[in-house]
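Chain and residue survey
As a plain string of letters, each chain reads:
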Amino acid sequence: MAQALANTRIAGHEPKPRFLADVAAVVEGTMTYDQAIRASAGRTRSRNGSERPAFSKR
């Protein structure tokens, strides 16, 4: 996890505290990966007022 976060920071992205809390919860096993994705997408939708997911599986 530390390496992945370092890579994203090198690319110029600073993860928000809520995202980091979700990542930690996935690592600890208190949240599933899918729950974390849905939580992140939900925060994105509420920020930009869109009802459409930020991404979709194909």
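Residues numbered from 1 in each chain as written. Predicted model: local features only at pLDDT ≥ 70, side-chain atom pairs only at ≥ 80, totals over all residues. Heavy atoms only, no water.

**Some words on the overall build of the protein**
Counting its secondary structure elements, the protein contains 3 helices and 0 strands. Along its sequence from the N terminus, the protein presents helices and strands in the succession α-α-α. Burial statistics for the protein: of 58 residues in total, 14% are counted as buried. As displayed, the protein has an accessible area near 4,700 Å², and 56% of this comes from carbon and sulfur atoms. (Helix = DSSP H or I, 4+ residues; strand = E, 2+ residues; numbered from the N terminus. Buried < 20%, exposed > 50% of the residue type's maximum accessible area, 1.4 Å probe, protein only. Areas by Shrake-Rupley, 256 points an atom, 1.4 Å probe, with all protein chains shown as cover.)

**Some words on the pattern of salt bridges**
A complete count under the given rule lists 3 salt bridges for this structure. Residues Arg-18 and Asp-22 are paired through a salt bridge, measuring 3.0 Å at the closest nitrogen-oxygen approach. Here the residue Arg-18 and the residue Asp-22 both occupy positions in helix 2 (residues 17–28), the gap between them amounting to 4 residues, near one helical turn. When its relative accessible area of 2% is taken as the criterion, Asp-22 is described as buried. Here Arg-43 ties to Asp-22 by a salt bridge, and the two come within 2.7 Å at their closest N and O atoms. Here Arg-43, found in helix 3 (residues 33–48), pairs with Asp-22, found in helix 2; they are 21 residues apart in sequence, far enough to count as distant. (Salt bridge = Lys/Arg side-chain N within 4 Å of Asp/Glu carboxyl O.)

**Points about the confidence of the model for the protein**
Regions with low pLDDT should not have their predicted coordinates read in detail. Per-residue confidence for the protein averages 84 on the pLDDT scale, and 81% of its residues sit at or above 70. When pLDDT is averaged over each element of the protein, helix 2 comes out on top at 94 and helix 3 at the bottom at 88. (pLDDT = per-residue confidence, 0-100.)

**Let's talk about helix 2**
Look at helix 2: 16 Å from first C-alpha to last across 12 residues, which is about the 16 Å you get at 1.5 Å a residue. When we look at burial in helix 2, the residues that qualify are Asp-22, Val-23 and Ala-25. The arc enclosing the buried residues of helix 2, seen along the axis, measures out at 160°, which places them on a common side. Within helix 2, the exposed residues directed more than 90 degrees away from the buried face are Pro-17, Val-27 and Glu-28. (Expected span 1.5 Å × (residues − 1). Arc of directions from axis to C-beta.)

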